[in-house]
Protein chains: 4
Amino acid sequence: MIKVGIVGGTGYTGVELLRIMAVHPDAEIVTITSRSEAGMPVTDMYPNLRGYCDGLAFTDPDDQQLAECDVVFFATPHGVAMRSVQTLLNAGTRIVDLSADFRLRDLSVWQQWYGMEHEASELAGEAIYGLPETARSRIREARLVANPGCYPTAVQLGFLPLLEERLVDPSRLIADAKSGASGGGRQGKVAMLHGEVGESFKTYGASGHRHLPEIREGLERASGGPVGVTFVPHLIPMVRGIEATLYADLKDPSQFDRLQALYEERFSDEPFVDVMPFGTHPETRSVRGGNMCRIALHRQENSSVVIVSAVIDNLVKGAAGQAVQNMNLMCGLSETAGLDIPALLP
Amino acid sequence: MIKVGIVGGTGYTGVELLRIMAVHPDAEIVTITSRSEAGMPVTDMYPNLRGYCDGLAFTDPDDQQLAECDVVFFATPHGVAMRSVQTLLNAGTRIVDLSADFRLRDLSVWQQWYGMEHEASELAGEAIYGLPETARSRIREARLVANPGCYPTAVQLGFLPLLEERLVDPSRLIADAKSGASGGGRQGKVAMLHGEVGESFKTYGASGHRHLPEIREGLERASGGPVGVTFVPHLIPMVRGIEATLYADLKDPSQFDRLQALYEERFSDEPFVDVMPFGTHPETRSVRGGNMCRIALHRQENSSVVIVSAVIDNLVKGAAGQAVQNMNLMCGLSETAGLDIPALLP
Amino acid sequence: MIKVGIVGGTGYTGVELLRIMAVHPDAEIVTITSRSEAGMPVTDMYPNLRGYCDGLAFTDPDDQQLAECDVVFFATPHGVAMRSVQTLLNAGTRIVDLSADFRLRDLSVWQQWYGMEHEASELAGEAIYGLPETARSRIREARLVANPGCYPTAVQLGFLPLLEERLVDPSRLIADAKSGASGGGRQGKVAMLHGEVGESFKTYGASGHRHLPEIREGLERASGGPVGVTFVPHLIPMVRGIEATLYADLKDPSQFDRLQALYEERFSDEPFVDVMPFGTHPETRSVRGGNMCRIALHRQENSSVVIVSAVIDNLVKGAAGQAVQNMNLMCGLSETAGLDIPALLP
Amino acid sequence: MIKVGIVGGTGYTGVELLRIMAVHPDAEIVTITSRSEAGMPVTDMYPNLRGYCDGLAFTDPDDQQLAECDVVFFATPHGVAMRSVQTLLNAGTRIVDLSADFRLRDLSVWQQWYGMEHEASELAGEAIYGLPETARSRIREARLVANPGCYPTAVQLGFLPLLEERLVDPSRLIADAKSGASGGGRQGKVAMLHGEVGESFKTYGASGHRHLPEIREGLERASGGPVGVTFVPHLIPMVRGIEATLYADLKDPSQFDRLQALYEERFSDEPFVDVMPFGTHPETRSVRGGNMCRIALHRQENSSVVIVSAVIDNLVKGAAGQAVQNMNLMCGLSETAGLDIPALLP
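What counts, and where the lines are drawn
- Residues numbered from 1 in each chain as written.
- Chains lettered and ligands numbered in written order.
- Predicted model: local features only at pLDDT ≥ 70, side-chain atom pairs only at ≥ 80, totals over all residues.
- Heavy atoms only, no water.
- Contact = heavy atoms within 4.5 Å.
- Buried area = accessible area lost by both parts, 1.4 Å probe.
- Salt bridge = Lys/Arg side-chain N within 4 Å of Asp/Glu carboxyl O.
- Polar contact = N/O pair within 3.5 Å; in protein donor to acceptor, adjacent residues only side chain to side chain.
- Helix = DSSP H or I, 4+ residues; strand = E, 2+ residues; numbered from the N terminus.
- Nonpolar A, V, L, I, M, F, W, Y, C, P; charged D, E, K, R; others polar.
- Core = buried A, V, L, I, M, F, W, Y, C linked by side-chain atoms within 4.5 Å.
- Buried < 20%, exposed > 50% of the residue type's maximum accessible area, 1.4 Å probe, protein only.
- Domains from an automatic or database assignment.
- Axes fitted to C-alpha atoms, helices over the stretch in contact; angles between N-to-C directions.
- Parallel < 35°, antiparallel > 145°, perpendicular 65-115°, else oblique.
- Left-handed = near helix turned anticlockwise from the far one by under 90°.
- Pairing = 2+ DSSP bridges.
- Least-squares fit on C-alpha atoms with pLDDT ≥ 70 in both.
- Patch = residues over 30% accessible without salt bridge, like charges linked within 9 Å, V, L, I, M, F, W, Y side chains within 5 Å.
- Areas by Shrake-Rupley, 256 points an atom, 1.4 Å probe, with all protein chains shown as cover.
- Lys, Arg positive; Asp, Glu negative; His and termini not counted.
- Charge placed at Lys NZ, Arg CZ, Asp CG, Glu CD.
- 1 Å grid on protein atoms, 1.4 Å probe; cavity = no way out; pocket = protein on both sides within 12 Å on 5 of 7 lines; lining within 4 Å.
- Points joined across faces, edges and corners; volume = space filled by probe spheres on them.

Q: Is there a simple way to think about the interface of chain A and chain C in this case?
A: Bring the parts together and some accessible area is lost; that lost area is often taken as the interface size. Taken together, the 18 residues of chain A in the interface contact 18 residues of chain C. In total, about 1500 Å² of surface goes out of reach between chain A and chain C, with carbon and sulfur atoms giving 62% of it. The largest share of the area that chain A buries against chain C comes from A:Leu193, A:His194 and A:Val239, three residues that together contribute 41% of it. Across the chain A-chain C interface, the total number found is two salt bridges. Its salt-bridge partner being C:Arg186, residue A:Glu196 comes within 3.4 Å of it at the nearest N-O pair. The tally of links between chain A and chain C comes to nine residue pairs in polar contact (both at pLDDT 80 or more). Here the side of chain A that touches chain C takes four residues from helix H9 (residues 194-197) of chain A, the largest share from any one element. Residues of the side of chain A that touches chain C, tallied by class, amount to nine nonpolar, six polar and three charged.

The structure is reproduced here in structure tokens:
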């Protein structure tokens, strides 16, 4: 049984890790920390876990306890993991960081977007970007995995085959993405109140969002060269789910007919990417609570514009589920262990 | 491996049965019927099941195929099961009927509320009302189980200990219950459009709802005598979940202090009833997707009015989950097989 | 043109006052205060008012400016108005207090529920409880009106005729009430996040809510004697609207037939109470954005229990709209001025 | 007082016309038709209008009654208006058609997308496309106005200044648009049930939607030449509101700095277009229930991609409100009569 710790477990990512781990056959949570809620039983905050985590309470962070874990998840605000992981790595613990600390190669870009010095540049060089569909073998060997952001997961999976095969003009990619409100976290911010979010829809971060550089780096890895990408996030009045509608110009429109087969082939061995029939419309609820990314392709008349719609559950494939998938890979478990969860529809 | 059939599988109860059975360790769906959708792959209608039910398609009802099943679920409108089950019972197949056909003892009441003759009065006498918390041993032996309605499940579980112990005045019980829109089914009715249900709240059936006689019969079984119960359902602008707030007059207010212990004891061996701490507020999301009923008690000042709040997922404990629980009992499986699903929160 | 000030205008009640006053023919907002947002143009916070309040900005509270107003609305947390209104009253300004400071007659009860000393007991004696349907003539003469709470408005209007006519047992009234999330205000509280409120339903304050004593006092005024009332509020995953389902025992069940006529007569001259046909189901959306309270009566079989469903928009008839109605009465304007707003459906 | 008729008034567009006309100072509804609901009082279907339309009932269509109206709105499925308007025009009645019958210039395209012969090609040539921001003077003179579709209104208003000034590459415009569920109408379709739409998000019509040719024609009028536009609609789990995020390539990136001024100037005299500050995020709720279109511009880093976000209420500026605006123009009334409605926020 793999022993697992969670640092910063009071947010939506934390409870989602607990929900998944509650039925994981080969791993168990042994410690979960929270400075603000130390002492509170987990089930007082998350009654859905009554019967599953009855003995577990939040504790103050304790390096020694964490160092006894095989794997530790960081579900913390940015800036925490980069200061904490070295000690645990020294103790032989492996890390999946769900925050943004190790997601970017270019630390100057990181510093610009996150507004602080990066304090672990060497580890940033070592960290593996944990999108299993692009880095499975490296994740298996990694000590430190940077779990991708929610939007970047959907956008990269949707664009990958087009860029890897150099089929589209990389200089003007558009990613119009939409997320449910749980993506905004569980802090008491006025902007995320039900009274603000309910029955309304809007863009946010349209002039620049922290996931933009992460998306750009990922797409550049896939294409092997510079890309120009415009990324606009939107807030949906619902709790869970991301839909990304992607637009790219096919260099040779006659190639349109082979795209469906290309996508199907590219992801044929992927347990968590589902290429749906051409012209269908993936719904976020078709992945709610599950770790799947569903993708469909569209074409309008004889346009050269490839339209891709990709959906994920932002808390699962966009966060906790992908983190467990990475843990499974790092620990030599079945990649799908604990993640065999049919989505909740309706 | 128990072989399972579903009659009438295109509704929300049908997809929920499929979702649960997809991960059931000891049973599998071998046939699912739908007159209107015969030939359609199940995953075309329910893409959340892609990867789980890939070979399964809706078929025209076929008694022979169904008779080869160990258990058949009827997820049909009322009036269908009562005409169909005898043949299957003769073949040795056991039945869990999720419709209302066999829920009432008093067939004259049934006929009054459902507006048709009851065509299987003998079977109605044989059928066991499938609320495991009140009839576990009889369900184990039953050939034909009438799966309770969603509201009646929540209301009965909430009132049970008070009535079984004769602690409250049975002549004026009040059940103010609220349900998400999936309870209205998947037929194209104007009243259930998002444009009608969204961002609004209302009573419906306040002058009399079909679940009223079912609730009354259940409460009378528990109390051993006549009860007077007022039941008002409401429609919540959300998809899943029922909350029932129950009011009853304690005969002896000094007994209030022992109620919490009474509830905890009454349900201590129940895998799917969770008595929460006194004075807490069960949320429907704490049971979303799971088979649990969570209950909490409240008292205002020194009132003699017992307030009970009970929540279930109307599609799980209120329908498909309870049906699987009944199947498990009837087939000698673990009662919780396939139902060990932590609720999805948020 | 009546000159109006608002103290504490950044919350949902504040923006609602502004929306209504924006088209009021006989009154205009001349000052709106907010300590935290002083200097911010109102339309930066509330873009729906662009074009209506373009010159208006939040200012620090300034007694002199406020004293130049004919009427000042207090849309502040409890405890503010009781310390501030005397100065304004001395200057001849009339006050509508939307907070709870002057709603209760019994100040010891007030102190118990609000956890502080009441610092203006004389004014509390002078203040008129501003439910126009019960106190119209006194409101016309009042200097200081305590605008009722949202739940108390719906519950009182629904029960009034039954109690005034002494038709029901006053000792066991039940009010099961439900509210949209805007009732929780616009502070950054975790419990009111979309991620917490969305797609879920629950009771809250079931063991005792601040509106309980206000409801009790109101019902006792109507009945002329003590009442026993149980009040349980619930949180609906939507933004606006309250529905209250009320239960009372008719002393003489044969009187049931005259109740509809009684309600229609009681409210026949009320511009903002609509008695719907017997057995219909008022929807919260039928009053969204408008100042109307809609009420319908129900009976189940031959029960002696009277069921009343009453709906209001919590921000309009439950707060800002009723405040404007009170202002209209106090200033000798048409009672419906500025409030002739058809509700937004769907 | 202008006398107004509505043909086909039972849908969401119908009730919205009634809501607006209920407070219109210069016009009144004298007849409203519905074959299916003839005889039903309007307020039985739409209780929000109780007190406003109390004498009005749906009637069977009657050409003579309609011909006595000054203006008739058609809120019918496509194919009805084209067969009905000639008679009314002959009688001197003016027509605002809210259906698609007269929206397209190119009738072969119309026939392809709407699957039927166009039976009034001459009238199609006469009809004026009723986007007041582009055709105000012609609308004033028109006998027959084709009221624009909801998506086309938002997309055209958002793109107009860029195309009129030839600032962007017209060959690859992208319009990623999202709508609330009321846009799907009030027919009992399974796909529009709350159980299907609630808590989920998806594309639809991504391979081609009927509003695409209307958008293309409108943008070509604005640009004076062919345009290539990709239009993908999405379904938001809410009732009202459209947000369109538009992407275009600036021919000369150095022109970015003048875009804000250009938009402000272009719409400075428009009563129902609000250009918000650069870099802000229009919310659909900021226009809910009102006739406004709010627009904001964004740029990411130094990209040449212009990002425009435009929001409208699909039932108001996207349907009934714009229809009343057109009626006002046709009848020589104030353009804003009846439309001075602050949006409902929250």
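Picking up after the structure, the text goes on.
Q: Help me out: how do you make sense of the nonpolar core in this one?
A: The nonpolar side chains of soluble globular proteins are, as a tendency, buried together. Residue and element names in this part refer to chain C. Core analysis: the biggest nonpolar cluster contains 66 residues, and Phe102 and Phe159 have the highest contact counts within it. For this core, the domains that each give at least three residues are domain 1 (2-148 + 317-330) and domain 2 (151-314). With residues up to four places along the chain from it excluded, the contact list for Phe102 reads Ala81, Met82, Val85, Asp97, His118, Ala120, Leu123, Ala124, Ala127, Leu144 and Ala146.

Q: When you look at the packing of helix H8 (residues 150-164) of chain C against helix H10 (residues 211-223) of chain C in this model, what are you seeing that I'm missing?
A: Residue and element names in this part refer to chain C. Taken N-terminus to C-terminus, the directions of H8 and H10 make an angle of 25°; their axes are 9 Å apart at the nearest point. With respect to each other, H8 and H10 are oriented roughly parallel. When the axes of H8 and H10 are compared, the crossing they make is right-handed. Contact residues: H8 offers Cys150, Tyr151, Pro152, Val155, Gln156, Phe159, Leu160, Leu163 and Glu164, while H10 offers His211, Glu214, Ile215, Gly218, Leu219, Arg221, Ala222 and Ser223.

Q: Teacher, can you tell me more about the pairing of strand E1 (residues 2-7) of chain C here?
A: In regular strands, side chains alternate between the two faces of the sheet. All names here are of chain C. The element E1 is largely enclosed, with a buried count of five among its six residues. Of the strand pairs in this sheet, E1 and strand E2 (residues 27-33) are connected by six bridges, and their pairing is parallel. In the strand pairing of E2, Ile2 is matched with Ala27. Pairing of E1 with strand E4 (residues 71-74) involves four bridges; the strand directions are parallel. Note that in E4 the partner of Val7 across the bridge is Phe74.

Q: Help me out: how do you make sense of the relation of the copies chain A and chain C in this one?
A: The relation between the two chain copies is a rotation about an axis coupled with a shift along that axis. With an RMSD of 0.0 Å, the operation that places chain A on chain C is a rotation of 180° combined with a shift of 0.0 Å along the axis. The superposition operator between the copies reduces to a two-fold rotation axis. The overlap is high: 100% of the interface residues of chain A also sit at the interface in chain C, so the same surface is used on both sides.

Q: I'm lost on the sheet that holds strand E14 (residues 305-312) of chain C in this one. Help?
A: Two strands in a sheet stick together by hydrogen bonds in their backbones, pointing the same way (parallel) or opposite ways (antiparallel). Residue and element names in this part refer to chain C. Reading across from one edge, E9-E10-E8-E11-E14-E13-E12 is the order of the seven strands in this open sheet, with mixed pairing throughout. Each of the sheet's edge strands pairs with one partner strand only, and the pair in question is strand E9 (202-203) and strand E12 (273-275). For strand E13 (residues 293-298) and E14, the ladder comprises five bridges, and the chain directions are antiparallel. Its bridge partner lying in E14, Ile295 is registered against Ala310.

Q: What is the right way to look at a negative patch on the surface in this model?
A: A contiguous patch of negative charge on the surface is contributed by A:Asp60, A:Asp62, A:Asp63 and A:Glu68. Among the structural elements, A:Asp60 can be located in the loop between helix H2 (42-45) and helix H3 (63-67).

Q: Just to check I follow, could you spell out empty space enclosed by the protein for this structure?
A: Sizing a probe to match a water molecule and rolling it over the atoms shows the empty space that remains. This model, assessed by the stated rule, comprises four cavities of 30 Å³ or more. Of the voids in this model, the largest cavity is the one considered here, and its volume is about 200 Å³. If you trace the largest cavity, you find 17 residues lining it, with A:Pro237, B:Pro237, C:Glu199, C:Pro237 and D:Pro237 closest to the centre. Partitioning the lining of the largest cavity into residue classes produces five nonpolar, eight polar and four charged.

Q: I'm lost on helix H7 (residues 132-141) of chain D in this one. Help?
A: Residues spaced three or four apart along an α-helix point in a common direction, a consequence of the helix completing one turn every 3.6 residues. Of all the residues in H7(D), the buried ones are D:Pro132, D:Glu133, D:Ala135, D:Arg136 and D:Ile139. As for H7(D), its buried residues are in contact with strand E6 (128-129), strand E7 (144-146), helix H8 (150-164), helix H11 (259-266), strand E12 (273-275) and helix H12 (316-330) of chain D.

Q: Would you mind going over the packing of helix H7 (residues 132-141) of chain A against helix H12 (residues 316-330) of chain A with me for this structure?
A: Geometrically, a packed helix pair is captured by the angle between its two axes and the distance between the axes. Residue and element names in this part refer to chain A. Remark: H7 packs on H12, axes separated minimally by 9 Å, with the N-to-C direction vectors making an angle of 35°. Pair H7 / H12 crosses with right-handed handedness. Every residue of H12 that contacts H7 at Pro132, Glu133, Arg136, Ile139 and Arg140 is listed here: Lys317, Gln322, Gln325, Asn326, Leu329 and Met330. Classifying every residue of the contact of H7 with H12 gives four nonpolar, three polar and four charged.

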